[in-house]
Amino acid sequence: MSAYAEVIIDLVSNAVDRPFHYSIPPAMRKDLKPGMRVTVPLGNRRTQGYVLRLLKETKIASLRDIIAITDPEPLLTKEQLALIHWLSFRYYCRTIDALHAMVPASFRKGRQPGVIQLIEATPAAEAAELDRAPVQKEALQIIIEKGPLAHRDLVRLGINSQAIRSLEKKGLVKSTFARPGLVKPAVKTSSSRPHLMRDEQAFCFGEIRAALELPMAQRILLHGITASGKTEIYMQSLACCLEQGCSALIMVPEIALTPQMIEQFEGRFPAMVAVLHSRLSVAEKNRQWQMILNGEARVVLGARSAVFAPLADIGLIIIDEEHETTYKQEEAPRYHTRDVAWWRARYHKAVLLLGSATPSLESYHLAVKGDQKLLRMTARVTPVQLPPVTIVDMRKELKENHRHIFSRPLLENLNNVLERDEQALLFINRRGFSGFVLCRECGYVVRCPSCDVSLTLHLDRQVMCCHYCAHEEIVPTSCPGCGGIKIRYFSAGTQRVEDEVKKLFPGVSLIRMDSDTTTSRQAHNHYYRQFRDRKANILIGTQMIAKGFDFPGVTLVGVVAADTTLNLPDFRAPERTFQLLTQVAGRTARGPGGGRVIVQTYHPTHYSILAAADHDYHTFFEKELEHRRQLAYPPFADLLRFLFSGSDEKAVYEAAGWFTGLLEPIAGSAEVLGPAPASLYRIKEQYRVQTILKGEALTGLTPAVKRVIREYHSHKPPWPVRLAVDFNPLVVL
Ligand code: ADP
Ligand code: ZN
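Residues numbered from 1 in each chain as written. Chains lettered and ligands numbered in written order. Predicted model: local features only at pLDDT ≥ 70, side-chain atom pairs only at ≥ 80, totals over all residues. Heavy atoms only, no water.

When helices and strands are tallied, the protein shows 22 helices and 30 strands. Against the globule reference of 27 Å for 733 residues, the protein gives a C-alpha radius of gyration of 30 Å, in line with a compact fold. Across the 733 residues in the protein, those meeting the buried criterion constitute 54%. Sequence-distant contacts, at least 24 apart, represent 75% of the contacts inside the protein between residues at least 6 apart. In the protein, which carries 92 positive and 76 negative side-chain charges, the distance between the mean positions of the two groups comes to 3 Å. (Helix = DSSP H or I, 4+ residues; strand = E, 2+ residues; numbered from the N terminus. Rg over C-alpha atoms; globule rule 2.2 N^0.38 Å. Buried < 20%, exposed > 50% of the residue type's maximum accessible area, 1.4 Å probe, protein only. Contact = heavy atoms within 4.5 Å. Lys, Arg positive; Asp, Glu negative; His and termini not counted. Charge placed at Lys NZ, Arg CZ, Asp CG, Glu CD.)

Right under this line is the structure:
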């Protein structure tokens with residue numbers, strides 16, 4: 001039996017981010033298992049910890065004892081313990097951050113869910129002498145008479161917990177724990193009937209079914225245009241997985257978790273779907289979690305964090321819209337859902353099925369290389385065609401003396417829509433960064449010569465700066481491309497678009513949806529319904545309206561400025577642009593009225609815009625992949641971003657410089673970029689400076705980098721500067 005335990009302290013602090021060793025008192029040795037919570041001494045206080053491993057020996061002398069065991073059964077499964085280890089290694093986070101990601105807070109606090117505390121009398125109870133403690137005497141009497149009783153039932157009978165505790169101390173009663181039995185419901189046949197599959201669907205499904213039958217981990221990319229029937233394939237694959245007696249995880253982006261979506265799955269798989277997302281109440285989340293632990297829910301449908309759902313025997317993990325950026329967690333642990341899902345698929349020898357109309361470059365690249373199976377669907381289930389896309393060259397508009405933010409083609413189409421009382425979506429990526437400098441005559445944008453991201457304007461110092469490598473240039477007075485002098489600081493937003501529409505079409509009914517107007521979920525739903533019910537003709541919005549909305553009445557989509565996305569100072573800008581335009585285009589031509597898309601841009605010949613207009617993913621992919629190869633960006637290299645932030649500008653630079661100095665000697669063949677001001681240099685009074693490590697297969701450097709991070713955190717006096725480490729960040733602003 002093991003005499004020592006490796007414990008991680010339940011405090012979110014760098015100071016205790018290492019395993020602590022404790023000795024296990026002999027009486028506890030047969031009960032203690034990895035994954036259990038324990039009370040341990042730490043300095044001169046007591047604290048909670050989690051047992052990671054049991055050890056037969058330790059090199060550390062004079063260990064302190066574990067004080068108490070909290071749980072009758074481990075709170076964390078073997079799989080979770082292994083996953084915690086991997087998460088903290090891969091994403092450079094504290095072990096406790098990884099652990100907290102895995103179990104909801106309400107579950108970690110207090111007693112273990114679903115476990116019933118039973119109180120029973122000990123042999124000593126019969127002879128107990130309790131005349132001077134009548135309350136305890138009465139309680140003990142009841143316990144002896146009725147046998148083991150749930151603690152909460154005793155309390156319901158009017159016995160206070162204090163009395164029970166006193167009896168326990170005297171050794172007259174003891175508590176044990178019991179878990180309600182595992183319930184495995186029989187597989188029910190669907191109530192909503194599966195569709196008869198079309199050719200492409202049937203072929204893809206056949207491949208997935210074959211994969212499900214093999215006892216090995218496999219990954220499959222299902223590249224199907226919108227409305228090609230991917231969801232139907234998900235559901236039939238799910239049925240197949242359940243028939244084999246396995247459970248399944250279905251991941252969707254938060255915004256797609258609508259009641260309709262949930263109903264669709266619950267309709268076909270009644271009474272076995274647990275739903276997890278960030279808007280659940282604590283009680284509801286606990287209930288869903290409980291259903292999963294009990295084995296009642298064999299299907300989990302959820303957003304990002306549901307990837308950690310404690311399902312056993314997973315046979316299939318589906319990630320719908322796998323390219324969505326919301327699959328990346330932006331705080332520690334900064335994991336990508338796709339990578340966690342693949343880790344779990346390997347653990348369970350399950351199939352990972354990724355679906356998208358615009359797969360991420362990383363996923364498609366894996367498929368092309370042959371490391372992931374590629375399945376394609378190119379036809380829509382419904383006979384509706386993809387809408388025609390018109391690209392409007394804004395430089396030409398200007399040359400012909402039309403200076404309005406709406407080009408003439410867009411104006412004309414808006415007019416038509418209003419005359420016919422149809423609906424239009426006007427799309428502007430205001431969240432897009434507007435700090436780039438653009439020549440309105442030729443569309444030229446100043447970019448970094450080595451990183452090829454647009455330079456960010458820093459007005460205070462009147463310079464343009466590359467926020468990857470810190471390259472600087474002064475703001476030009478004439479365009480380096482054409483010599484013109486209409487150099488502009490680019491900016492446009494939803495508010496501006498609204499004002500212009502109102503000026504042009506007084507009295508028009510419009511709705512504006514962006515993060516200012518839709519702070520609550522209800523507001524979001526409210527506007528959604530209003531527009532769907534045709535209470536307005538025009539909907540103006542940010543990327544929020546680009547996804548998932550299905551408005552049959554929309555016959556025109558206008559992209560007011562494709563350049564805000566294209567010129568994001570981020571190497572993924574072309575990919576974002578392609579995805580966004582494809583999605584936006586999918587918002588029209590859904591009804592009998594057909595539809596068209598108008599894209600306004602200063603870069604009418606950029607490959608991401610041209611390929612999106614042609615609905616041609618493959619051409620986009622090849623061009624973009626070549627671009628990434630030349631500049632050694634993912635998927636050809638990994639990026640590791642160290643972001644320093646704090647209110648003291650000088651200290652932030654100093655800390656970043658110090659850290660970067662430690663990084664250089666260990667970097668090997670990887671490049672160290674920076675420190676450079678982040679593109680969003682100041683957010684909420686915090687200055688932001690970053691250093692980027694860029695190289696092939698960075699994971700080889702992880703142990704050395706972790707040592708540097710530890711050294712940074714132990715620096716005394718502590719830097720008043722926060723350090724956030726992000727492995728392969730999706731957004732570098
Ligand atoms: P995607 O997920 O690829 O966007 P969906 O699976 O939502 O597409 O399918 C679009 C629509 O077509 C849905 O209303 C769905 O019920 C319907 N559908 C899917 N497959 C079939 C089929 N084989 N026969 C008839 N209708 C289908
Ligand atoms: Zn640069």
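At 2.2 to 2.4 Å from the zinc ion (ligand 2) lie its protein donor atoms, namely Cys-448 (SG), Cys-451 (SG), Cys-466 (SG) and Cys-469 (SG). Site description for the zinc ion (ligand 2): donor spacing in sequence, C-x2-C-x14-C-x2-C. By relative accessible area, which is 22% here, Cys-469 ends up partly exposed. (Donors = N, O, S within 2.8 Å, 3.2 Å for Na, K, Ca; no water.)

Turning to the sheet that holds strand β2 (residues 20-23), a few remarks are in order. Within the open sheet, the five strands sit side by side as β2-β1-β4-β3-β5. Their pairing is antiparallel. Each end of this open sheet is capped by a strand with a single partner; those strands are β2 and β5 (68-69). Bridge analysis of strand β1 (residues 4-9) against strand β4 (residues 45-55) gives six bridges, and the strand direction is antiparallel. Looking across to β4, one finds that Ala-5 is bridged to Leu-54. (Pairing = 2+ DSSP bridges.)

What follows deals with the packing of aromatic side chains. Tallying each qualifying case throughout the model produces 20 aromatic pairs. Their ring planes at 50° and their centres at 4.8 Å tell us that Phe-642 and Phe-659 sit as a pair that is tilted. Placement of the pair is Phe-642 in strand β27 (residues 638-646) and Phe-659 in helix α21 (residues 649-663), with a sequence separation of 17 residues. Each residue in the set Tyr-364, Phe-578, Tyr-607, Tyr-617, Phe-620 and Phe-621 is aromatic and connected to the rest through ring pairs, giving one cluster. Positioned over the ring face of Trp-342 is Arg-219, at 5.0 Å from the centre of the ring. Geometry around Tyr-633 places Lys-694 over its ring, the cationic atom sitting 4.4 Å from the centre. (Phe/Tyr/Trp six-rings, centres within 6.5 Å; stacked < 30°, edge-to-face > 60°. Lys NZ or Arg CZ within 6 Å of the ring centre and 35° of its normal.)

To continue, consider the site of ligand 1. Near ligand 1 you find 14 residues, and of these Leu-196, Gln-201, Ala-227, Lys-230 and Thr-231 are the closest. With respect to ligand 1, the side chain of Gln-201 contributes an N or O atom lying 2.8 Å from a nitrogen atom. In the model, an oxygen atom of ligand 1 is placed 2.8 Å from a nitrogen or oxygen of the Lys-230 main chain. Protein contact buries 69% of the 550 Å² of open area that ligand 1 shows by itself. Of all the elements, helix α8 (residues 230-243) adds the most residues to the shell around ligand 1, at three residues. (Near = heavy atom within 4 Å. Polar contact = N/O pair within 3.5 Å; in protein donor to acceptor, adjacent residues only side chain to side chain. Areas by Shrake-Rupley, 256 points an atom, 1.4 Å probe, with all protein chains shown as cover.)

Extensive coverage of strand β3 (residues 37-42) is indicated by the burial of five of its six residues. In this structure, β3 lies alongside β4, joined through six bridges in antiparallel fashion. Paired with Arg-37 across the bridge in β4 is Tyr-50. In sequence, β3 turns back onto β4 through a hairpin of two residues, with Gly-43 there showing a positive phi of about 60°. The pairing of β3 with β5 spans two bridges and is antiparallel.

The next subject is the packing of helix α18 (residues 573-585) against helix α20 (residues 617-631). Two quantities define a packed helix pair, namely the angle between the helix axes and the distance between the axes. Put simply, α18 and α20 touch, their axes get as near as 10 Å, and they point 170° apart. Considered as vectors, α18 and α20 are oriented roughly antiparallel to each other. Residues Pro-574, Glu-575 and Phe-578 of α18 touch α20, and the partners they reach there are Tyr-617, Phe-620, Glu-624 and Arg-628. Within the contact of α18 with α20, the residues separate by chemical class into four nonpolar, no polar and three charged. (Axes fitted to C-alpha atoms, helices over the stretch in contact; angles between N-to-C directions. Parallel < 35°, antiparallel > 145°, perpendicular 65-115°, else oblique. Nonpolar A, V, L, I, M, F, W, Y, C, P; charged D, E, K, R; others polar.)

Turning to unusual backbone geometry, a few remarks are in order. Of the consecutive residues Ala-332 and Pro-333, the connecting peptide bond is found in the cis state with omega at -5°. As for its position among the elements, Pro-333 is in the loop between β13 (314-320) and α11 (337-348). Put simply, Pro-634 and Pro-635 share a cis peptide bond, and its omega is 5°. Within the element layout of this structure, Pro-635 appears in the loop between α20 and β27. The backbone of Asn-401 shows a phi angle near 65°, a positive value even though the residue is not glycine.

Looking at the protein as a whole, its pLDDT mean stands at 87, while 92% of the residues score no less than 70. Per-element mean pLDDT across the protein ranges from 69 in helix α5 (residues 151-156) up to 98 in α11. Scored below 50 in pLDDT, residues 180-190 makes 18 contacts in the model with residues more than four places away or belonging to other chains. (pLDDT = per-residue confidence, 0-100.)

This next bit is on the sheet that holds strand β30 (residues 722-727). Taken in spatial order, the four strands of this open sheet run β28-β29-β27-β30, and their pairing is antiparallel. Looking at strand neighbours, the two that pair on one side only are β28 (671-683) and β30, the edges of this open sheet. Neighbour to neighbour, the strand axes of the sheet diverge by 20° on average, direction disregarded. Strand direction decides the pairing type here: β27 and β30, joined by six bridges, are antiparallel. For Arg-641, the partnering residue across the bridge sits in β30 and is Asp-726.

Among soluble globular proteins, nonpolar side chains are generally buried collectively. Within the largest apolar cluster, 109 residues are counted, with the highest numbers of intra-cluster contacts made by Leu-87, Val-300, Leu-640, Phe-642, Phe-644, Phe-659 and Leu-693. In terms of residue count, α21 provides more of this core than any other element does, six residues in total. Those residues in contact with Phe-659 that sit more than four places away from it in its chain are Phe-642, Phe-644, Val-708, Ile-709, Tyr-712 and Leu-723. One finds Met-235, Leu-257, Met-261 and Val-299 within the second-largest nonpolar core, a separate group that totals 35 residues. (Core = buried A, V, L, I, M, F, W, Y, C linked by side-chain atoms within 4.5 Å.)

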